[in-house]
Amino acid sequence: MNKRFKSKKDKLFYIITISVNLFLLLVFGIILGLTRKLSSFVILIFVFIFVNYILLSSLFGYVEIKKDVLFIKYGLILRKTIPLENIKKVELKNKYYSDSFLSLKNSIEHIDITYNTYDKTCVSVVQNSILLEELNKIILKNDNKK
């Protein structure tokens, strides 16, 4: 029953990534031009790498429905496993922001997943409608078991 869904990236995601990188390069150029110190260059390189890690790590995210869990990979390191029986509600939303801190949201259109009592996460996948349909089937099946 393993079904994997790739993360979705809007044009806005790429515009933000490119804009942030250009801004950082501009700031780095100004700071390096004013200070001309190797230590400031090293610090700026680490900042540049860190910011790009955060921005680009979401390119490696995906959502996978396994036998009894929903597995969400948010980037290169962060992962979340949600037992399917704990999922309470799923809904398709169109917002620029996410209601949860930890989300795989690179697109305006995303699915809000509510699980346990108050926990929530967001995912944006290429096939949002298919994922929404699969999760609704799981919720319906879990409701029928109770």
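This text follows the structure it describes.
Notes on the structure in this doc start here. (Residues numbered from 1 in each chain as written. Predicted model: local features only at pLDDT ≥ 70, side-chain atom pairs only at ≥ 80, totals over all residues. Heavy atoms only, no water.)

For helix α3 (residues 128–145), spanning 18 residues, the distance from its first C-alpha to its last is 26 Å, which sits close to the expected 26 Å at 1.5 Å a residue. Among the structural elements, β1 (3–6), β2 (62–65), β3 (69–73), β5 (87–94), β6 (109–115) and β7 (119–123) are those in contact with the buried residues of α3. (Helix = DSSP H or I, 4+ residues; strand = E, 2+ residues; numbered from the N terminus. Expected span 1.5 Å × (residues − 1). Contact = heavy atoms within 4.5 Å.)

This brings us to unusual backbone geometry. One non-glycine residue, Asn116, adopts positive backbone phi at about 55 degrees. With respect to the helices and strands, the residue Asn116 is situated in the loop between β6 and β7. For Asn116, a relative accessible area of 30% translates into the label partly exposed. (Buried < 20%, exposed > 50% of the residue type's maximum accessible area, 1.4 Å probe, protein only.)

On to the nonpolar core. Counting 20 residues, the largest nonpolar core has Leu70, Ile87, Ile113, Leu131 and Leu135 as its most contacted members. For this core, the leading source of residues is α3, giving 5 residues. In contact with Leu70, not counting residues within four places along its chain, are Val63, Glu64, Ile65, Lys80, Thr81, Ile82, Leu84, Ile87, Ile113 and Leu135. (Core = buried A, V, L, I, M, F, W, Y, C linked by side-chain atoms within 4.5 Å.)

With that out of the way, let us pick up the sheet that holds β7. Spatially, the 3 strands line up as an open sheet ordered β5-β6-β7, and their pairing is antiparallel. This sheet does not close on itself; its edge strands, each paired only once, are β5 and β7. Recorded for the sheet is a direction-independent mean angle of 20 degrees between the axes of neighbouring strands. In this structure, β6 lies alongside β7, joined through 5 bridges in antiparallel fashion. Opposite Ile111, over in β7, you have Val123 as the bridge partner. Taken strand by strand, α3 contacts β5, β6 and β7, and its axis lies near 160 degrees from that of β5. (Pairing = 2+ DSSP bridges. Axes fitted to C-alpha atoms, helices over the stretch in contact; angles between N-to-C directions.)

Between its first and last C-alpha, helix α2 (residues 38–56) extends 27 Å over 19 residues, near the 27 Å set by a 1.5 Å rise per residue. Listed in full, the buried residues belonging to α2 are Ser40, Leu44, Asn52 and Leu55. Buried residues in α2, looked at end-on, bunch into an arc of 100 degrees, giving them a common side. Opposite the buried face of α2, at more than 90 degrees from it, the exposed residues are Leu38, Ile43, Phe46 and Phe50. In this structure, the buried residues of α2 make contact with α1 (11–35). (Arc of directions from axis to C-beta.)

Purely geometric numbers; function is a separate question.
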